Structures are given as structure tokens and as C-alpha cells.
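# Per-entry structural report
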Amino acid sequence: MKADRIVALLFILPSLILVGIFIYGFIGWTGWVSMVNWRDVFPDFTFVGLRNYSRLFEHFRFAISMKNTLIFTILFLLASIGIGLLLAILLDRKVRFEGFFRTVYLFPMAVSFVVTGVVWRWILNPGTGGESVGLNWLLEKIGLGFLKSGWYTDPNIGIKAVVIAAVWQMSGYVMALYLSGIRSIPTELYEAAQLDGANVFQLYRYIVLPLLRPVTLSAVIILGHISLKIFDLVFAMTGSGIGFSCDVPALFMYDTTFRGNYFSQGAAIAMILLLCVAALIIPYLVYSIRSEVRR
Amino acid sequence: MWRKLVLLVVMCLVVAVFAAKIEIFSWWTAGGEAEGLQELFNIYSRLYPGVEIINAAVAGGAGAQAKAVLKTRMLGGDPPDTFQVHAGHELIDTWVKTGFMEPITFLYREEGWDKVMPKGILDIVSYNGEYWSVPVNIHRANVLWYNKKIFEKYGLKPPKTFEEFFQVAEVLKSHGIIPLALGTKDGWEAAHVFETVLIGKLGAEGYKGLWTGKTKWSDPRVTDALETFARMLQYVNSDHAARTWDEACALIVEGKAAMNIMGDWAVGYFYAKNFYDFGWVLAPGNEGIFDALSDSFGLPKGAKNRENVINFLKVLGSKEGQLAFNIKKGSIPARTDIDKNLFPEYQRSAMEDWLKHEIVPSVMHGAAASESWVTDFKDVISLFVARPDVKTTQKALVNIAKAQGVPQ
């Protein structure tokens, strides 16, 4: 028994050490950097406490980018989960060529965020001088000209245009999650409900949706941490946008660290992002560990 | 048999380790600039055969991405043998004061560069009485480009003052033509235009003083510059947030827009698009002032191939190197002893101006202020483009100057 334990420990030791250094070690290092006065290429390790954080909270760009992240996360989660669930339910109705549709919906996820960003930058480009291009052109051609807009070039839309691209990319993935969830519901439950005289709507309302709750939770966790950390999509698609209407903290972090040489400020942003993601994930971890113990 | 094989392997390893190499880091990957860099490589290979050149270029306009890569490499103790850096505060504040560079004053003395380069440029590559990098080229930031055909069609004269600019813009607008093309996607372009407005309103001395504390940012002329800039923004294309600087130049090429304020790297773009109907004047109010920036290369401490770097720097500063590079790149040589008749028309005029105009350092391109100041400046102006609130913006400009330790 004891020898077993030692062998087991030996096997996980390499990854334990690597994870310890390259994840937790670096988190600790970033936390330290965020509390010193490193504002030049050459490190200055004078301890300044939480001054970088208090400066950050006074910075106009940080306020705008945090607000944008909040808007982005809420809209992105609602839309992806709504569309993903709808597609999964539709596909589950035994449509023909299900395999084909499933692949089509899932495909965008295989594309990198950078590619998505560049493509949607072109699609949502409003065009210049009264001439419509991209989506605006399409809307005009099908007689929906009144829907034309400046998309991400309009400061009132800004980050919401990026949400469209993100939803396009990730809703197929949510669909796959839900589809496997629906398929794993035992058929006896359906049969029992039908015997009780439940119609299709009731079937979904009282059987399927409640049983899909764990799937929704996973989807929220996975999409939520992506959206809080989002960088590549925004960077490729819009940059900070007009008046920072598309700015996100990760973009600000990159700019302030590598353009402005405010290394400590960049580290402070990284720590705040970490806390945001932790606030999302730690309750989930606690919940899942507890339910495992219960089992 | 085995012995031979082992010998061969060992020899290969020895060659791999001791083969002469030089790694050159830059952000020159597009059109004319990559060709210019290749010209320098060709000269170097001819003079110093057997040295392998590693071209470590990172793509991205104004070097935004390349600078991030460079910083991680320098901090990680793995400097490239030599790297591209804007002469001025970007060189001095970021790399020299922090002790990452070796002085190369001895090269200036040996090669006599201090006699053939003008004081305006020598000043911005020196610190503490030493020279720290070799300027390869000079670019001019304060140029107003215009589409000649459009101007002829409506019988307009290119504007020299702000008043004329607004008159011309009004006429163009009434004919449905975008008066001023702008692309703000990368975040620096609007600040670039504002820099020329500051020069136009404050003059050379006033503008230079902003970065040293001699001119206060609360100055009423700065207020005037902000108000004028806000007025100019009413004449730009509505989709500027979707365009980069070259996509803004495309509007001039396509004849949709009439004017554009951009550095003279725009010439390279126009030529690449086979567009020759462009004219140029100085940005409004910039008469007699040369808003300059310069790409330069230096010698980092701990460069692995020091001798090769010194030879490469010699090529950069040589007459032959500066001529070959700048003809391709569309900029002008930092040396003043090169025959200007070898250059195309725009560069000839810039070379003449270089000698007679007053030279001021460009802020948006790293010459006038430290990188942290430039980043904050760019952010404040970006916000101003969307929310043209003169009072708040001027206050923000005062505050970032204070944060840089410049008394206000």
C-alpha cells in the first residue's frame, strides 16, 4: 500500500512541479510585480502596496474596459446559450441530414479567434461614402435597409458588434454540449411523461430543461472564462475601437505593459482578471467537489 | 566507419556553433521597407561574406507588436544582435538610461558620421555625451497628401493654413467627397494628426516646449489646437474606426477622399498601388517646420556577435547603405552628403527641406517623449475622437504631463 502511494506520487511529481512553477509560481510573481513600482523596461522592485490598483481604478480606460467586459459577458452568455439550446432542440427532433447540420454548426469553433475577427471585421465594415459593403449591403439588397448601421464603428454599439462574432463562433459548441446532454436522458422518462399525457412543450419544460441544468452550468463556466479573458478576437477585429468602445481589460493590459512600459500596472490588470475568473470558477469547483464526495 | 561518422557529427556541431551569424530585429516586413532591408543585407553579404544573416522581423505597423517581442527578449537576457528603434526618447528612455545599450561613439569618430549628419538628428541619438545608435533614415510626419484630380476638378488650391483647410473642406463636402481621410483602427493615427495640429498652432518652439515643460499644456494655444482638431474631425470619413492608416490612403487612391495627413511612408503606399496623381503640401500651419522621426539601430549589451554588429552598423551609416536603403523605403538619408538627384521627386523636396527647415521631433513616433507618455497621450486623443470634450481632454493632457514629472 505504502509503496503504491510512493509510486503514484513519483508519477505525478513531474507535472506537479511544472504546474507549481509555471502556473502558481508565475501567478505569485505577477502578484508581486503588481505591488512594486516597475514603470520602465528596467525592473524597479520598490514595494508600493496597492498603489497600482488604486491608480488603475481611477484610470478612465480601465473603467470603460471593465464595463465593456461586463456587457460582453452578459450578452455573449445569453445569446450563445439561447441559440445553442435552440439548435440542439431542433436537431434532436430527428431532422434529416442531422450529421451535416451538426458539422456546419460546430465548424466555426474549429476556426481560430483571429480568423473570426478578421472576417467579421470585413463583414461588419459599414463602408465609406454612402456605399454599402458586407452585411449592410446584404440588408440593403433584401429590403431591410433600415437595419443598416455603423456596427463597431458606432460608439454606441462598439463591443456589442464583437458579441455577434463571438456568438457565431461559440454557439455551435454550446449546441454540441446540449445535444449530448439531451441524448443522455433515458428514454423511459419520455415514455413515462407521454403516458401521463404531457405534450411536447411540457416534455421540454418539465423533463428536458431541468435535466440539462448541469450542462448549462458547464456552458456558463466555459464561455464565462473565455469572455472574461477575451483578447485575440477583439485585437484582430476592432482593436480598442472608437473612444475605447470595444476595449477590454486584456487589450489594455497588453497596451500599457508593452507600449507604455507600465509593467506593474499590467500585472495589476492581470491579477484583477484572475480574480474575476476565480469568482466564476471557484464556486463551481467547490460545488463539484462536494457532489463528488456525496457520491 | 563509426569513427568517421562521429567525426563528421562533431565537425557539424563545431561549424554550427562557431559559424559567423548576425541576427537583425526589425518590423520591416511590408512593401518598400522589406526591400530596403534586403538591400542592406546584400551590401553586408558582399563586404563580409560567410556571415549568415538571420532576419528576425516581426510584422505590424509602427512596430507595436515587434516592440512587445523585443521587450520580452531583452528582459529575458536574450537580446538580438541589433534591433530597430526610433531615435529619440524611445531609444534613450527605454533602452539607454536603463543600461541595455553600449555606446558607439567610437564608430561615429572612425566613420566621421558626426560631420555628415545634421545636429537635429545627432541630438536625439546622444545621451551623456555619447552616441547610442545609427540613424538609417529620416521620415517626415507633417505632410498633407491630396488627390490632384479632385483638386483640379473643383478648381481648388491645396490648403496651407487652417482657414484655407476649412474652406477647401467645405467645398469638397458640398460635392459629396470626403475632405479628410482618416483611419484610427490601430489607435495612433488620430494622435498623429493632432501632433501636426499642435505644431501648426504652437510653432516649432512652442511644440518642443510641451515635452520639456517650457510650454504648459494649459496654454490657450493647446485649447485652440483641440478645438481646431475637433472641427477637422467633422470632415473625416465616418468609418475611420474600421480603417488602418493604409486603408485610409486607399480612399485617396480610389478618389473617394481628397486629403490625408500622414507621414511620408504614404508615398511608398501610393507607388505600390501605381497611383501617381497625388500632390503634397505641409500640414496646415506647418510652414518651415520638419516634423521628423528616424529609424535607427544600436549595439545592445551582451550581443552574441559583437564584431558582426559593428560591421553591420558601418554599412548602415555608409553612403552606399543609406542610398540603397532609402530609395526603396521612400524615406531620406540621415546623411546630408548624398546626391539628391538619385532620388524620386518627393524625396528630393524632402531632402531640400531637411537642410533648411527647423527640425522638431515627432511624438507619436517615439522621438519627442518617453513611450509611457506617448501611450497615455495616444489614449487621451483616442477618447477625444469619440467624445470631443476640449476641457476634460486638456485637463487629462496636463495630468499625464505631471505624471511624467514635467512641471505644469
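Residues numbered from 1 in each chain as written. Chains lettered and ligands numbered in written order. Predicted model: local features only at pLDDT ≥ 70, side-chain atom pairs only at ≥ 80, totals over all residues. Heavy atoms only, no water.

## Description of the domain arrangement of chain B
Residues and elements named next belong to chain B. Split into domains, chain B comes out as domain 1 (23–137 + 292–344) and domain 2 (140–291 + 363–403). Computed over C-alpha atoms, the centres of domain 1 and domain 2 are 28 Å apart. At the interface, 16 residues of domain 1 touch 14 residues of domain 2. Here domain 1 meets domain 2 over a buried area of about 1300 Å², counting both sides, of which 56% is carbon and sulfur. Put simply, domain 1 and domain 2 have 1 salt bridge between them. The closest approach of N and O atoms between lysine 71 and glutamate 371, which form a salt bridge, is 3.3 Å. Where domain 1 packs against domain 2, one counts 8 residue pairs in polar contact (both at pLDDT 80 or more). Among the elements of the structure, α3 (64–75), α4 (89–96) and β13 (289–293) are those that each provide at least two residues to the side of domain 1 that touches domain 2. With 4 residues, α4 is the largest single contributor of residues to the side of domain 1 that touches domain 2. (Domains from an automatic or database assignment. Contact = heavy atoms within 4.5 Å. Buried area = accessible area lost by both parts, 1.4 Å probe. Salt bridge = Lys/Arg side-chain N within 4 Å of Asp/Glu carboxyl O. Polar contact = N/O pair within 3.5 Å; in protein donor to acceptor, adjacent residues only side chain to side chain. Helix = DSSP H or I, 4+ residues; strand = E, 2+ residues; numbered from the N terminus.)

## A short note on the pattern of salt bridges
Evaluation of the coordinates by the stated rule reveals 32 salt bridges over all chains. Among the ionic pairs, Asp92(A) bridges to Arg183(A), the shortest N-O distance being 3.1 Å. Separated by 91 residues along the polypeptide, Asp92(A) in helix α3 (residues 60–92) and Arg183(A) in helix α7 (residues 159–183) bring together distant segments of the chain. The class for Asp92(A) is buried, based on a relative accessible area of 13%. One salt-bridge network, held together by shared partners, links Arg61(A), Asp247(A), Asp255(A), Arg259(A), Lys378(B) and Asp379(B). (Buried < 20%, exposed > 50% of the residue type's maximum accessible area, 1.4 Å probe, protein only.)

## Let's talk about the sheet that holds β13(B)
Backbone hydrogen bonds are what pair the strands of a sheet, in a parallel or an antiparallel way. All names here are of chain B. If you walk across this open sheet you meet the 4 strands as β15-β8-β13-β16, and the pairing is mixed. Each edge of the sheet is formed by a strand with only one pairing partner; in this case those strands are β15 (332–333) and β16 (358–361). Here β13 pairs with β16 via 4 bridges, running parallel. Each bridged residue has a counterpart across the sheet, and for alanine 292 the counterpart in β16 is proline 361. Against the sheet, helix α15 (residues 319–329) contacts β8 (137–140) and β15, and its axis sits at roughly 30 degrees relative to β8. (Pairing = 2+ DSSP bridges. Axes fitted to C-alpha atoms, helices over the stretch in contact; angles between N-to-C directions.)

## Observations concerning the interface of chain B and chain A
Reports often express the size of an interface as the amount of accessible area lost when the parts come together. The partner chain A presents 34 residues to the 38 residues of chain B that form the contact. Taking both sides of the interface into account, the surface hidden between chain B and chain A amounts to around 2900 Å²; carbon and sulfur atoms contribute 58%. Contact with chain A buries surface across chain B, with Leu75(B), Lys185(B) and Asp379(B) losing the most and accounting together for 18% of the total. In this structure, the connection of chain B to chain A is made through 3 salt bridges. Where chain B touches chain A, the interface holds 11 residue pairs in polar contact (both at pLDDT 80 or more). Within the residue set of the side of chain B that touches chain A, elements represented by two or more residues are α3, α4, α12 (245–253) and α17 (371–386) of chain B. Of all the elements, α17(B) adds the most residues to the side of chain B that touches chain A, at 11 residues. Residues belonging to the side of chain B that touches chain A are distributed by class as follows: 14 nonpolar, 11 polar and 13 charged. (Nonpolar A, V, L, I, M, F, W, Y, C, P; charged D, E, K, R; others polar.)

## Remarks on the nonpolar core
Counting 147 residues, the largest nonpolar core has Trp211(B), Trp217(B), Met259(B) and Phe377(B) as its most contacted members. Two domains share this core, each providing at least three of its residues, namely domain 1 (23–137 + 292–344) and domain 2 (140–291 + 363–403) of chain B. Apart from residues no more than four positions distant in its own chain, Trp217(B) is found in contact with Leu198(B), Leu210(B), Trp211(B), Val222(B), Trp373(B), Phe377(B), Gln394(B), Leu397(B), Val398(B), Ala401(B) and Gln408(B). Within the second largest apolar cluster, 48 residues are counted, among which are Leu85(A), Val167(A), Val174(A) and Leu203(A). (Core = buried A, V, L, I, M, F, W, Y, C linked by side-chain atoms within 4.5 Å.)

## Remarks on the pairing of strand β11 (residues 257–262) of chain B
All names here are of chain B. Burial runs high along β11: 6 of the 6 residues are buried. Strand direction decides the pairing type here: strand β9 (residues 143–147) and β11, joined by 4 bridges, are antiparallel. Note that in β11 the partner of tyrosine 146 across the bridge is methionine 259. Across 3 bridges, the pairing between strand β10 (residues 178–181) and β11 is parallel.

## Examining the pairing of strand β1 (residues 21–26) of chain B
Residue and element names in this part refer to chain B. Across the 6 residues that make up β1, a large majority, 5, are buried. Across 2 bridges, β1 lies against strand β3 (residues 82–86) in parallel orientation. Across the sheet, phenylalanine 25 pairs through a bridge with phenylalanine 83, a residue of β3.

## Here we look at the sheet that holds β10(B)
Residue and element names in this part refer to chain B. Here we have 4 strands laid out as an open sheet, ordered β10-β11-β9-β12, and mixed in their pairing. Two strands bound the open sheet, and with one partner strand each, they are β10 and β12 (278–282). This sheet shows a mean twist of 25 degrees between the axes of neighbouring strands, independent of strand direction. For β9 and β12, the ladder comprises 5 bridges, and the chain directions are antiparallel.

## Examining the environment of Val200(A)
Residue and element names in this part refer to chain A. With respect to the element layout, valine 200 can be found in helix α9 (residues 200–211). Residue valine 200 is classed as partly exposed on the basis of its relative accessible area, which comes to 45%. In sequence terms valine 200 and methionine 170 are 30 residues apart; their C-alpha atoms lie 28 Å from each other.

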